[in-house]
Amino acid sequence: MAHEDCNDRIVITGSDHAGFEAKSHVIDYLDHRGFSVLDLGTHSSDPVDYPDYGVAVAKAVTERKNATGIIICGTGIGISIAANKVKGARAALCTTPFHAEMARKHNDANILAMGARTSTVSEMEAIMDTWFATSFEGGRHQKRVNKIHELTENIR
Ligand code: RB5
């Protein structure tokens, strides 16, 4: 039986133009699974800059206590790099369900990044299925996640 994390009913989505079409599928998938979706754009295939959307989603996720982000660009690389500049963001680029499992179990990742040019929509669904079925294990992993947060506290 899949365990739904406390946070996982609210999903905040964002993509650049390369991820726009895949994001539409992802939103349909989330709707069908009963999630509340807040989509921060982009809203068409017109060219935009992926950092704007990665940062917007990361800010919205970290401002809330219990939310998950899903961000998509061509590869998932640029948008995840940008999202991870936001304090409290733990964006994980996942191309397989195993990445999603480990990102949740060990890294307590709060933002799932995917690539529209590297994953098919059905692969994304499998990644999301695992993501939402997997909880953070805490324990020794909590200490390591804390160290990541200490970096953003201490670096000037
Ligand atoms: C846009 O062409 C592309 O560079 C972007 O979607 C992403 O893949 C960047 O990492």
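Here the structure is shown first, and the text comes after it.
Note that the coordinates shown come from a computational prediction; the quantities given were computed from them, not determined experimentally. (Residues numbered from 1 in each chain as written. Predicted model: local features only at pLDDT ≥ 70, side-chain atom pairs only at ≥ 80, totals over all residues. Heavy atoms only, no water.)

Draft legend 1. The arrangement of the sheet that holds strand 5 (residues 111-115) in detail. Spatial strand order, 2-1-3-5-4: 5 strands in an open sheet with parallel pairing. Two strands in the sheet have a free side with no partner beyond their single neighbour: strand 2 (36-39) and strand 4 (91-93). Pairwise comparison of adjacent strand axes, ignoring direction, gives a mean angle of 25 degrees for this sheet. Bridging between strand 3 (residues 68-73) and strand 5 involves 5 bridges; their strand directions are parallel. Each residue of the ladder has a partner; that of I72, found in strand 5, is M114. Those strands touched by helix 1 (residues 20-32) are strand 1 (10-15), strand 2, strand 3 and strand 5, and its axis lies near 170 degrees from that of strand 1. (Pairing = 2+ DSSP bridges. Helix = DSSP H or I, 4+ residues; strand = E, 2+ residues; numbered from the N terminus. Axes fitted to C-alpha atoms, helices over the stretch in contact; angles between N-to-C directions. Contact = heavy atoms within 4.5 Å.)

Draft legend 2. Broad picture of the pairing of strand 5. Burial analysis of strand 5 places 5 of its 5 residues in the buried class, which makes it a mostly covered element. Where burial is concerned, the two faces of strand 5 agree: the one with I111, A113 and G115 and the one with L112 and M114 are both buried. The pairing of strand 4 with strand 5 spans 3 bridges and is classified as parallel. In the strand pairing of strand 5, L93 is matched with A113. (Buried < 20%, exposed > 50% of the residue type's maximum accessible area, 1.4 Å probe, protein only.)

Draft legend 3. Broad picture of the site of the ligand. Surrounding the ligand, one finds D16, H17, A18, Y50, C73, G74, T75, G78 and R117. Separating an oxygen atom of the ligand from a backbone N or O atom of T75 is a distance of 3.1 Å. Side-chain polar atom of R117 to an oxygen atom of the ligand: 3.4 Å apart, as the coordinates give it. Burial of the ligand by the protein amounts to 72% of the accessible area it has alone, namely 290 Å². Across the shell around the ligand, the residue classes tally to 3 nonpolar, 4 polar and 2 charged. (Near = heavy atom within 4 Å. Polar contact = N/O pair within 3.5 Å; in protein donor to acceptor, adjacent residues only side chain to side chain. Areas by Shrake-Rupley, 256 points an atom, 1.4 Å probe, with all protein chains shown as cover. Nonpolar A, V, L, I, M, F, W, Y, C, P; charged D, E, K, R; others polar.)

Draft legend 4. Focus on a positive patch on the surface. Side chains of R140, K143, R144 and K147 sit close together on the surface and give a patch of like positive charge. Following the sequence through the fold, R144 ends up in helix 6 (residues 140-154). Among the residues examined, R144 registers a relative accessible area of 44% and is labelled partly exposed. (Patch = residues over 30% accessible without salt bridge, like charges linked within 9 Å, V, L, I, M, F, W, Y side chains within 5 Å. Salt bridge = Lys/Arg side-chain N within 4 Å of Asp/Glu carboxyl O. Lys, Arg positive; Asp, Glu negative; His and termini not counted. Charge placed at Lys NZ, Arg CZ, Asp CG, Glu CD.)

Draft legend 5. Quick look at the packing of aromatic side chains. What the rule picks out here adds up to 1 aromatic pair. One Lys or Arg, R9, reaches over the ring of F35 and ends 4.4 Å from the middle of that ring. (Phe/Tyr/Trp six-rings, centres within 6.5 Å; stacked < 30°, edge-to-face > 60°. Lys NZ or Arg CZ within 6 Å of the ring centre and 35° of its normal.)

Draft legend 6. Structural context of helix 4 (residues 97-105). The set of residues buried in helix 4 consists of A100, A103 and R104. When helix 4 is viewed along its axis, its buried side chains cluster within an angular range of 90 degrees and face the same direction. Looking at the buried side of helix 4, the elements it contacts are strand 4 and helix 5 (121-133). (Arc of directions from axis to C-beta.)

Draft legend 7. Here's a closer look at the packing of helix 4 against helix 5. Where helix 4 meets helix 5, the closest approach of the two axes is 8 Å, and the angle between their N-to-C directions is 25 degrees. As far as their axial angle goes, helix 5 and helix 4 are roughly parallel. Relative to helix 5, helix 4 is oriented so that their crossing is right-handed. Contacts between helix 4 and helix 5 involve P97, A100, E101, A103 and R104 from the first element and A126, I127, T130 and W131 from the second. Looking at the contact of helix 4 with helix 5 residue by residue, the classes come out as 6 nonpolar, 1 polar and 2 charged. (Parallel < 35°, antiparallel > 145°, perpendicular 65-115°, else oblique. Left-handed = near helix turned anticlockwise from the far one by under 90°.)

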